[in-house]
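Coordinate inspection notes
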Amino acid sequence: MAILEVLSRSQRLCEERSVVILMYPPHLKDHVKPGAKITMYHGSVEKNLHALLPANDYAVRHGFAKRPHETLQPLLFFATDPLTAAAYAIPETIRTKFREMPRDSIAANRPRMIENIRASFGRVYVKDLQLPHRFASKPFIVERIVAEELNQIIVVTNRAISPGTKLMTLHDVFQQDPRRKALVHAIKNALSASMSSTLFSSSRTK
């Protein structure tokens, strides 16, 4: 798994203090500058978590933090794509069935699969992270890892996190997706510009 391979490069894996590790591709470096605010998404099949604990994270279940020389138990967030986090809010059994389903039967079984996903969907927990300014007092250690193999910003920490909000359905996740928001904003700007142009043209012809 690319994420865990990148995480294994960290120089802070044995820190007992609070650590935040930022992993990101080069083209997203401006989003993780000192002082930036990052919205983080963590998917879980658990529906009523009041605190996100590193020991419950999927990276631990995959054996990463069970290695004896690594004391950091990573709690992982996706900061660019909430849909990736949403995949971890769907039980592994359902994801496996979907992956193993023959392509020619996907269309016929789609309504049933969607209903199963809706019924079993856990939660996507959302938390805003304020990165410290370069010269400000730092409440936690920050390490940055640039990784060509990643396509989004990943935030890993060894701290317990209290989520700000919860996305309870896939529809909520789609509504939260930054790419959707950017598209809606672009469409609104285009419509506004088009209407302004139309009004300007009509006023000139009067």
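Cut-off values and rules
Each chain has its residues counted from 1, running along the sequence as written. Residues qualify for local features only when their pLDDT is at least 70, as the model is predicted, and side-chain atom pairs are given and counted only at 80 or more; totals for whole chains, interfaces and linings, by contrast, use all residues. Water and hydrogen atoms play no part in the side-chain values, which are based on all heavy atoms of the structure. Stacked, edge-to-face and tilted are the three classes for Phe, Tyr and Trp ring pairs, Trp counted by its six-membered ring, which pair at centre distances within 6.5 Å; planes under 30 degrees apart are stacked, over 60 edge-to-face, the rest tilted. Labels follow the DSSP assignment, with helices taken as runs of H or I lasting at least four residues and strands as runs of E lasting at least two, numbered in each case from the N terminus. Under the scheme applied here, a residue whose accessible area is under 20% of the maximum for its type counts as buried, over 50% as exposed, and between as partly exposed, the area being computed with a 1.4 Å probe on protein chains only. Contacts are assigned to residue pairs with any non-hydrogen atoms lying within 4.5 Å of each other. Salt bridge, as used here, is a side-chain nitrogen of Lys or Arg placed within 4 Å of a carboxyl oxygen of Asp or Glu. A residue's pLDDT is the confidence the predictor assigns to it, expressed on a 0 to 100 scale.

Turning next to the packing of aromatic side chains. With the rule as written, the count across this model stands at 1 aromatic pair. Ring geometry for Phe78 and Tyr88: centres 5.9 Å apart, planes at 15 degrees, overall stacked. Separated by 10 residues along the polypeptide, Phe78 in strand β3 (residues 75–78) and Tyr88 in the loop between α3 (82–87) and α4 (92–100) bring together distant segments of the chain. For the residue pair Phe78 and Tyr88, the accessibility class agrees, reading buried in each case.

Take the environment of Phe121 next. Note that Phe121 resides in the loop between α5 (103–120) and β4 (123–130). Residues Phe121 and Thr169, 48 residues apart in the sequence, show an inter-C-alpha distance of 6.8 Å. With sequence-adjacent residues up to four places away left out, Phe121 is seen in contact with Lys47, Ala86, Ala89, Ile90, Leu167, Met168, Thr169, Leu170 and Val173.

The next point concerns the pattern of salt bridges. Overall, the coordinates contain 2 salt bridges when judged by the stated rule. Taking the shortest distance from any N to any O, the salt bridge between Arg9 and Glu149 comes out at 2.2 Å. Here Arg9, found in the loop between α1 (2–7) and β1 (19–24), pairs with Glu149, found in the loop between β5 (141–146) and β6 (154–157); they are 140 residues apart in sequence, far enough to count as distant. Assessed through its relative accessible area of 40%, Glu149 is described here as partly exposed. Put simply, Lys33 and Asp30 hold a salt bridge, and the shortest N to O gap is 3.5 Å.

Taken over all residues, the pLDDT of the protein chain has a mean of 80, while the share at 70 or more is 77%. Averaged over each element, pLDDT in the protein chain is lowest for helix α2 (residues 58–61) (56) and highest for β4 (94).

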